Amino acid sequence: MPRSTIAHFSRPPRRSVLCAAAALLSLAAGPLAAQEAFPSKPIRFIVPYAAGGTTDLVARTVGARMAQTLGQPVIIENRAGAGGNIGMDAVAKSAPDGYTVGMGAISTNALNPHIYKKMPFDPRKDFTAIGQLGNSTIVLEVGAALPVKNVDELLAHVRKNPGLPYATAGAGTSMHLAGVLFAQISKTDWVHVPYKGSAPLITDLIGGQVPVAFDNLPASLPHIQSGKLRALAVAGAQRSPALPDVPTLAEAGLKDYAVEPWFGVYGPAGLPAAVAQRLSKALEDALAEPAVKDKLLAAGFTPRSSTAAEFDALTKREYERLGKVARSANMSNE
């Protein structure tokens, strides 16, 4: 066989070698390039509650700052209903690509599964934890129609009037949980009156239709500051920066009492690690921004960031803890 023929079969043309090398480089860089490209379009941030509430304010404030970091719009979508289950179900059933995330909470991802007969998702399996947003504050408050000035006076009044109604923004909410724990620890007997949101609750509390309530502080704060409502205590482990002179319920005599509604961001299960990390870092950076922190604190919300692993661990711990509380008190959303 001629030498030239042998050379022809043993040495591919230079063009073929270059094409093969380029193909290999393309395959190797493919996953990295895809990761680096995220996000390449707007991100949908589902808030499972109505517009205008605490969660909506937090999501819009934090989402706007995340958009600057990510270089893409973060679009807030309010999908209220069923105690937050409708919105979070939409997150659970979305594509695991990072373009849909949701604002889960102590209620949706820890309490609801124990008080709803049917749940559309399993918070232990159907989400990827991205990071914590922080804690809201629950305030124990009375209207002018109830002449009590502190927790001791309220306890005395409840014991003299067993079955006294107390209001919250809804059955199965963290405010409802706060009322249940109050009764358990103080050994008092009162009746839960659930409203559909804070706005009608506050209207009736100011008007004297209900005597006492547990509510999220951001909704009630303007009315406390104006003197229309009186704050007796806050439910968290520490005093609220927005109400530094108002004691915690533990300080007021209910030993070991603490209910701190937490909020955080979740994606659907199966979210790629690199995408989750990108979102987690953007969330962490947003919460570290002084302007963001100041706005949330002024509204009665305490920002608190965490790693994805820390937030996942918190969710699981709270799921177990609140299951025991709900069962012992026969809590139900009905």
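Since the structure is predicted, the reported quantities are computational estimates derived from the model, not experimental observations.

Caption draft 1: Summary view of the nonpolar core. In terms of nonpolar packing, the biggest core is built from 51 residues, with V151, L154, F182, W190, F214, L249 and Y257 touching the most fellow members. Residue contributions to this core peak at seven residues, all from helix α7 (residues 174–186). Once residues within four sequence positions are removed from consideration, Y257 is found in contact with A178, G179, L181, F182, I185, F214, A235, L249 and A250. Listed in part, the 31 residues of the second largest apolar core include I43, V47, A105 and V265.

Caption draft 2: View of the pairing of strand β9 (residues 229–234). Within β9, five of the six residues are buried, which leaves the element mostly enclosed by the surrounding structure. In terms of strand pairing, strand β5 (residues 138–143) meets β9 through five bridges, oriented antiparallel. Its bridge partner being in β9, E141 is matched across the sheet by A231.

Caption draft 3: Examining the sheet that holds strand β8 (residues 212–216) more closely. Pairing in this open sheet of five strands is mixed, and the strands run β7-β6-β8-β5-β9 from one edge to the other. The open sheet has two free edges, formed respectively by β7 (190–194) and β9, since each of these has just one partner strand. Averaged over all adjacent pairs, the angle separating strand axes in this sheet is 30 degrees, with direction ignored. The pairing of strand β6 (residues 164–168) with β8 spans two bridges and is parallel. Each bridged residue has a counterpart across the sheet, and for Y166 the counterpart in β8 is V212. Along the sheet, helix α6 (residues 151–160) contacts β5, β6, β7, β8 and β9; its crossing angle with β9, the most-contacted strand, is approximately 100 degrees. Each of β5, β6, β8 and β9 touches helix α8 (residues 198–207); the most contacted strand, β8, lies at about 150 degrees to it.

Caption draft 4: Here's a closer look at the packing of helix α5 (residues 106–115) against helix α12 (residues 308–329). It is the contact of α5 with α12, at a shortest axis distance of 8 Å, that shows an interaxial angle of 35 degrees. Considering how the two elements wind past one another, α5 and α12 form a crossing that is right-handed. Judged by residue contacts, I106, N109, A110, L111, P113, H114 and I115 of α5 engage T315, E318, Y319, L322, G323, A326 and R327 from α12. Partitioning the contact of α5 with α12 into residue classes produces eight nonpolar, four polar and two charged.

Reading guide: rules and limits
Residues numbered from 1 in each chain as written. Predicted model: local features only at pLDDT ≥ 70, side-chain atom pairs only at ≥ 80, totals over all residues. Heavy atoms only, no water. Core = buried A, V, L, I, M, F, W, Y, C linked by side-chain atoms within 4.5 Å. Buried < 20%, exposed > 50% of the residue type's maximum accessible area, 1.4 Å probe, protein only. Helix = DSSP H or I, 4+ residues; strand = E, 2+ residues; numbered from the N terminus. Contact = heavy atoms within 4.5 Å. Pairing = 2+ DSSP bridges. Axes fitted to C-alpha atoms, helices over the stretch in contact; angles between N-to-C directions. Left-handed = near helix turned anticlockwise from the far one by under 90°. Nonpolar A, V, L, I, M, F, W, Y, C, P; charged D, E, K, R; others polar.

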